Structures are given as C-alpha cells and as structure tokens.
Amino acid sequence: MASIPIPILKDETYTFEGFVSQADKQESDYLLLPFAVPDGIVRLDLRYEYSDETGAELWAPSGNVIDLGVFDSRGSEFITARGFRGTSGSFRHEFSIGLHEATPGYLAGPIHSGRWCIMLGLYRIVPRGCHYRAVVQMIHGESEPIPEVEPYDAGVLCSDTRWYKGDLHCHTHHSDASGTIGDLVQSARARGLDFLAVTDHNTISHLREFARYATADLLLIPGEEITTYYGHANVWGIEKWHDFRAGCAADMQRIIDEASRSGSLVSINHPKEEGPPWTFDPISGYDCIEAWQAYWFVNNYQSLAFWDERLRKGRRITIVGGSDCHMAAPDKDPSPVIIGAPTTWVYATELSVNGILDGIRAGHVFVNSNPDDGPRVYLAAVCGDVRAVAGDDLRVPRGTEVKFSIKVTGAGGMMLRFVAAQGELALVGIEDDNFTYGYALKVNDTNYLRVEVIAPPEADLKTEPAALWVEALSNPIYLRIAS
Ligand SMILES: [Zn+2]
Ligand SMILES: [Zn+2]
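Cut-offs applied
Residues numbered from 1 in each chain as written. Chains lettered and ligands numbered in written order. Predicted model: local features only at pLDDT ≥ 70, side-chain atom pairs only at ≥ 80, totals over all residues. Heavy atoms only, no water. Helix = DSSP H or I, 4+ residues; strand = E, 2+ residues; numbered from the N terminus. Rg over C-alpha atoms; globule rule 2.2 N^0.38 Å. Buried < 20%, exposed > 50% of the residue type's maximum accessible area, 1.4 Å probe, protein only. Areas by Shrake-Rupley, 256 points an atom, 1.4 Å probe, with all protein chains shown as cover. Lys, Arg positive; Asp, Glu negative; His and termini not counted. Charge placed at Lys NZ, Arg CZ, Asp CG, Glu CD. Core = buried A, V, L, I, M, F, W, Y, C linked by side-chain atoms within 4.5 Å. Contact = heavy atoms within 4.5 Å. Donors = N, O, S within 2.8 Å, 3.2 Å for Na, K, Ca; no water. Patch = residues over 30% accessible without salt bridge, like charges linked within 9 Å, V, L, I, M, F, W, Y side chains within 5 Å. Salt bridge = Lys/Arg side-chain N within 4 Å of Asp/Glu carboxyl O. Tetrahedral: all angles 85-135°; square planar, octahedral: opposite > 155°, others 65-115°. Pairing = 2+ DSSP bridges. Axes fitted to C-alpha atoms, helices over the stretch in contact; angles between N-to-C directions. Phe/Tyr/Trp six-rings, centres within 6.5 Å; stacked < 30°, edge-to-face > 60°. Disulfide = S-S within 2.5 Å. Domains from an automatic or database assignment. Right-handed = clockwise from strand over helix to strand, strands pointing away.

J.: Which residues make up the overall build of the protein, and what values go with them?
T.: Broken down by element type, the protein carries six helices and 30 strands. On C-alpha atoms alone, the protein measures out to a radius of gyration of 24 Å, which is about the 23 Å that the 2.2 N^0.38 rule sets for 483 residues. The proportion of buried residues among the 483 residues of the protein is 57%. In the structure as shown, the protein presents an accessible area of about 20400 Å², 50% of it carried by carbon and sulfur atoms. Counting 41 positive and 65 negative side-chain charges, the protein places the centres of these two groups 4 Å from one another.

Here it is as structure tokens:
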C-alpha cells in the first residue's frame, strides 16, 4: 500500500508530500490523506500538484492523471460515507470550501472539526511513478449556524399526458465544463426542450443551483454521472450523492443497487470505443443504456450492438440518448456537441421528475437526432384486443402472428429498419414525411421488435455495421410467450 505521508502542520497549513507507483494503483485507485481540523475553522483552501501531469482525455499524451476530492469528518467509507464534500477530478488544481460558498464541484457548509481526508484518485500513473504535493490551509473565524440544504423539488410543470422531449446527459463548471447551469438552461430553452438532466461527474454541487435557475417551461432533473476508471453510468432523480469509487464489478453492482433502492434510475453510458467503454461485467439491475451519445457517427453503432446483445438474452432495458454536452461559457469556444443532439422523447403522464422517469422506466421512449426537424417514430402492435406500444410487453400464445404498425414523420427518402433477436428482418423505403407501415411477425419464442429510421446504407450492414446511420431509434415491443 502507498505510504501515507505524515502531514507537516505550520501556521494552520498542512503540507503532504508523497509518491505513488503503478503497484499502489493496482492495490487501490483511491488514496486517502487524513488531516485534523480543529474547532473554529470557517474555510479550507486546498491546492495540489503532481509530476508528469497530462490531460484526462483519452487522446492525451502519456503522463500522470490524479483526481482530487475531499471528505469531512462525517466519514469517507465506500457507499455509506456521509462526509462527501466534493471533487473536481483533474480539472482544478485548487478549491475552497466555506460556510456559504465553495468552488463549483464542492459543497459549502459547516467545517466540522475532526478527521478530514483528501482523496487522490489515481487515474493514470506512468511506470516511473508520480510525486505529489498537497497543501491545506485552514482559516479561523466566527462560526454560525448553517441550515441543512433541502433537496430540490421541481414540482409538476405540466399535467398533460403527452410526449415530452429532452436531453439526459450534460455537464457544467461543477465538473469539467466551463459553462454554468444558467448557460445550460438558456441553451436548452432555445432548443425548445421540456426537460434537462444535469449530470456532472461524481458530485452534486450543481443541484444546489437548480432553484436559482429553474424556469416554468424547463424541467431540471437532478443527476450525477458516476464516473469510474472502468466505465460511466448516469443516475437520475437523485436526492443525495452517490459514490463513484468502484474498482471492480462487485463495487459497481453495490453502487447500482444502492441507487435503485433510493428510487433513482440508472443508465450505462456510452458503452463504445472511446466512450470510454463499459468494462464492468457481469452487472445487472440497471434500467437504461445510452445507446446514442453525442452525434450518431461517434461509434454509436457499437452501443446499439451492446444493447441488442442484452435484449437477445431476454433483458428489458430502455434505450435513451444524451448529448454529453460539456456546456461552454459564452466567452469560450463552443462545445462540439450541442444540447438536444440527440433528443430523448418520453411519453409521460406529466412533466415532473417522477413523470419523466416513470415514462423512461416503462420504455415509452424514442430517440432522434434533434428536437426540431428530426424524424419521429412511433411503434405499436395489436393482437386481438390487446394493444402495445414501444416499451410494453406483449404476451401471446406461441405461433401467434402479431401485427405491428409504425408511424414515422419527417423522414421522407429515408429507410425503416426492423430489428429483432435474429437481426435485421426488413428494410423498407419511407415514401413521404407522413408515413405509416404495417408489419407482421410470427412469435415462436421470446423476442422483441424494434425499428430504426436510417439513411439509405452505403454498404451491407451485416458485414459493415459502422455504415449504419440512424436518425431515429425506437424502443422495442417485448414479445413474450403466454404460458
Ligand atoms: Zn461519460
Ligand atoms: Zn458525461
């Protein structure tokens, strides 16, 4: 185990100097450096530096990447820690936590006395290892009672049962983007979205700003992107921080189970090359897969294959989309991906956090390229007097022929592709912008049927799956054999 340096205390300042090797990372991805906070402290300032620093991007040159975070004296243990006070990944070299204000990514509030811990996340360590230095400065002052922060309650923005459109994945300066919640809200409203899940990496400090930026026409969904070194997952509808320090599948399973238990919805994000990919296996209990992240051409055919592989095993997982927009501040270069690319459409009984999450849970969802003129696809099936739409189970006696009807708008000249457990079943031309099509399938076994609106393929998709260009993607109707 990495030796924990004894901090040197001088003038209310602790200095840690240490070294970590690849063997230390092998043992644990996270190193905790404890220090004692006396009574009467009203602010902590912390800064760190390390050798051979490089960027956290997948394409960054070789070097070290160490993430930063801090836990207070209420505890730092995995999953159950109550002392989480924030993280900034490798995005910032310093932060402050005060009674009323904190650096984005960190949580203001009482500076409890006792044993605090700096968290160093050993993301990448080069063979020759890494020297680090961290300095904590404690500022004394007059303490005062600080009220508890109540979870944000968005309420019900609209009580109509209808399709609502939104984006489920984006970032602000509370993690590794430069824009604020205000910049995001402005952008999402300009796109005409109904809902927006803000999913900063590994923290919840952004949720404290929701009340300040909330508007009557845009539902803000509280989220966190659980960002591990082995894959990312979104949790939506959260009321508290969820741990991200998973080093193996069993750890990740505990995080997912805990999120589900607390009523949140869990999605595996961008399971594709450079997503970064999802490498935890086996994992169960998650609700969704982000099969479309950013623009379609960014390897999303791989995420779609990841989803199909699980559907073929009879699993029931809703596909969703997310731009993963890292919102830029107005004075910075714009983000390469805009909010609403792609857009997730949810059929819900009301525009509220529970309404949207229940609609997603039910699978009443399709994803398309944009909220304005992107094609829309509606899948339904009828069997006797039973009707099903995308996301529903349809139970029929073995050998029954099920009749599907598909409505597609805004996609004249494109193609409609039918996919089931056995792969592509049919590919038909979409004649005009208001297109309906009937399709029949005999159900001999557990199966599913889903549809894609695609550009006419330039190669055989069986041999060249990367040639798939999707404009809209429906969830399946799950076909089950009635016993
Ligand atoms: Zn991610
Ligand atoms: Zn993200």
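From this point, things continue past the structure.
J.: I'd like a rundown of the nonpolar core, residues and numbers included.
T.: With 61 residues, the main nonpolar core has Leu196 and Met252 as its most contacted residues. Considering every element that reaches this core, the biggest residue donor is helix α4 (residues 249–261), with five residues. Setting aside residues no more than four positions away along its own chain, Leu196 makes contact with Asp167, Cys170, Leu184, Ala188, Leu218, Leu219, Leu220, Ile221 and Ile339.

J.: With reference to specific residues and values, describe the coordination of the zinc ion (ligand 1).
T.: Bound to the zinc ion (ligand 1) on the protein side are Glu225 (OE), His232 (ND1) and His270 (NE2), at distances that span 2.0 to 2.1 Å. Each donor residue of the zinc ion (ligand 1) lies on one chain, and together they are spaced E-x6-H-x37-H. Separation of the zinc ion (ligand 1) from the zinc ion (ligand 2) amounts to 3.5 Å, with Glu225 serving as a shared donor to the pair. Taken together, the positions of His232 in strand β14 (residues 231–236) and His270 in the loop between β15 (265–268) and β16 (288–293) put the pair 38 residues apart, joining distant regions of the chain. With a relative accessible area of 9%, His232 lands in the buried category.

J.: Go over a nonpolar patch on the surface with me, naming the residues and quoting the values.
T.: A cluster of nonpolar residues, Phe297, Val298 and Trp469, forms a patch on the protein surface that exposes about 300 Å² of accessible area. For Val298, a relative accessible area of 30% corresponds to the partly exposed category.

J.: Please give an account of the coordination of the zinc ion (ligand 2) that cites residues and values.
T.: Each donor-metal-donor angle in an ideal tetrahedron of four donors is 109.5 degrees, and each such angle in an ideal octahedron of six donors is either 90 or 180 degrees. Taken together, the protein donors to the zinc ion (ligand 2) comprise His169 (NE2), His171 (NE2), Glu225 (OE) and Asp324 (OD), at separations of 2.0 to 2.2 Å. Note that the zinc ion (ligand 2) binds four donor atoms; their angles at the metal cover 83 to 173°, and the shape is irregular. Counting gaps between the donor residues of the zinc ion (ligand 2) yields the pattern H-x1-H-x53-E-x98-D.

J.: Could you give an account of the sheet that holds strand β3 (residues 30–37), with specific residues and numbers?
T.: Judged by pairing direction, the sheet is antiparallel, and its four strands sit side by side in the order β3-β8-β5-β6 without closing on themselves. A single partner strand is all that each edge strand has here, and the edge strands are β3 and β6 (84–89). Pairwise comparison of adjacent strand axes, ignoring direction, gives a mean angle of 20° for this sheet. Across eight bridges, the pairing between β3 and strand β8 (residues 114–124) is antiparallel. Bridge pairing links Val37 to Gly114 in β8.

J.: Requested: an account of the sheet that holds strand β4 (residues 41–50), with residues and values cited.
T.: Read from one edge to the other, the open sheet built from five strands follows the order β1-β2-β9-β4-β7, with strand pairing classed as antiparallel. Edge positions in the sheet fall to β1 (8–10) and β7 (94–98), since each of these pairs with one other strand and no more. The average undirected angle you get between the axes of adjacent strands in this sheet is 15°. Sheet topology note: the β1/strand β2 (residues 13–20) ladder contains three bridges and is antiparallel. Counterpart to Ile8 in the pairing with β2 is Thr15.

J.: Outline the packing of aromatic side chains, listing residues and values.
T.: This model, assessed by the stated rule, comprises 26 aromatic pairs. Between the aromatic rings of Phe71 and Phe84, the centroid separation amounts to 5.9 Å while the plane-to-plane angle is 70°, which identifies the pairing as edge-to-face. A residue pair is termed long-range when its members are at least 10 positions apart, and Phe71 in strand β5 (residues 65–71) and Phe84 in strand β6 qualify at 13 residues. Across the pair, Phe84 and Phe71 agree in class, each one buried. Each ring, one from Tyr123 and one from Tyr229, has its centre 4.8 Å from the other, and the planes form 10°; the classification is stacked. Of the two residues, Tyr123 sits in strand β8 while Tyr229 sits in the loop between β13 (219–228) and β14, which places them 106 residues apart along the sequence. The exposure class assigned to Tyr229 is buried, which follows from its relative accessible area of 16%.

J.: Which residues make up the state of the cysteines, and what values do they have?
T.: The final tally for this structure, using the stated rule, is zero disulfides. For Cys130, which is in no disulfide, the shortest distance to another cysteine sulfur is to Cys117 and amounts to 19 Å.

J.: Break down the domain arrangement of the protein for me, citing the residues and quoting the values.
T.: For the protein, the domain assignment lists domain 1 (8–140), domain 2 (149–372) and domain 3 (375–483). Computed from C-alpha coordinates alone, the two centres of domain 1 and domain 3 are separated by 50 Å.

J.: Can you tell me about the pairing of β16, naming the residues and giving the values?
T.: By the criterion of burial, β16 is predominantly enclosed, with six of the six residues buried. Looking at chain direction, β15 and β16 are connected through two bridges and run parallel. In the strand pairing of β16, Ser267 is matched with Cys288. When β16 meets strand β17 (residues 318–322), the two strands line up parallel, connected through five bridges. Pairing of Gln293 across the sheet is with Gly322, part of β17. Since β16 and β17 lie parallel, the crossover through helix α5 (residues 300–311) that links them has a hand, and here it is right-handed.

J.: Which residues make up the environment of Leu168, and what are the values?
T.: Looking at where Leu168 falls in the secondary structure, it is placed in the loop between β10 (162–167) and β11 (170–171). Beyond its immediate chain neighbours, meaning those up to four positions away, Leu168 contacts Phe195, Ala197, Thr199, Asn234, Trp236, Val320, Gly321, Gly322, Thr344 and Ile360.

J.: Describe the environment of Pro7, naming the residues involved and giving the relevant values.
T.: Topologically, Pro7 is positioned in the segment before β1. According to the relative accessible area criterion, Pro7 is partly exposed, its value standing at 23%. Separated by 26 residues in sequence, Pro7 and Leu33 place their C-alpha atoms 8.6 Å apart.

J.: Please give an account of the pattern of salt bridges that cites residues and values.
T.: Evaluated as defined, the whole model comprises 20 salt bridges. One salt bridge connects Arg133 with Glu17, and the closest N-O pair in it is separated by 2.7 Å. Here the residue Arg133 occupies a position in strand β9 (residues 130–140), and Glu17 occupies one in strand β2, the gap between them amounting to 116 residues. Between Arg74 and Asp72 there is a salt bridge whose closest N-O contact spans 2.8 Å.

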